[in-house]
Amino acid sequence: MKFRPLHDRVLVKRIEEEEKTAGGIIIPDTAKEKPQEGEVIAVGPGAKNEDGKVTPLDVKVGDRILFGKWSGSDVVLEGEELMIMKESDILGILG
């Protein structure tokens, strides 16, 4: 994929949740919430501070992250549903 986020933005692919509960109940699509977990696909170079120096991001490609329910913007690139968000929208790195 040829996409490079700018500044402190990150391209994320949502990781889908299980379709069954632990007890075996199947959850219909209408009852599911959008996943708040994803994998980092691409990262920007970082944010510029007041001196003009670029501060690199804490996340890297391949990291599994948690983000807020209303974070980012949904986009479709090469037929794949992804999200673009600022690093500040990321709550933490899993693992």
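Residues numbered from 1 in each chain as written. Predicted model: local features only at pLDDT ≥ 70, side-chain atom pairs only at ≥ 80, totals over all residues. Heavy atoms only, no water.

(A) Region of the structure containing the pairing of strand β7 (residues 80–86). In this structure, strand β1 (residues 9–14) lies alongside β7, joined through four bridges in antiparallel fashion. When the bridges of β7 are listed, V12 appears paired with M83. With five bridges joining them, strand β6 (residues 73–77) and β7 adopt antiparallel strand pairing. Residue pairing for β7: V76 is matched across the bridge by E81. Counting the residues in the hairpin turn of β6 and β7 gives two residues, including E78, whose phi is positive at 50°. (Pairing = 2+ DSSP bridges. Helix = DSSP H or I, 4+ residues; strand = E, 2+ residues; numbered from the N terminus.)

(B) Region of interest: the sheet that holds β6. Taken in spatial order, the six strands make up an open sheet running β6-β7-β1-β2-β5-β8, and their pairing is antiparallel. If you trace the sheet from one side to the other, it starts and ends with β6 and β8 (90–94), each paired once. In this sheet, neighbouring strand axes are inclined to one another by 45° on average, regardless of whether the strands run parallel or antiparallel. With five bridges joining them, β1 and strand β2 (residues 37–43) adopt antiparallel strand pairing. When the bridges of β2 are listed, V10 appears paired with V43. (Axes fitted to C-alpha atoms, helices over the stretch in contact; angles between N-to-C directions.)

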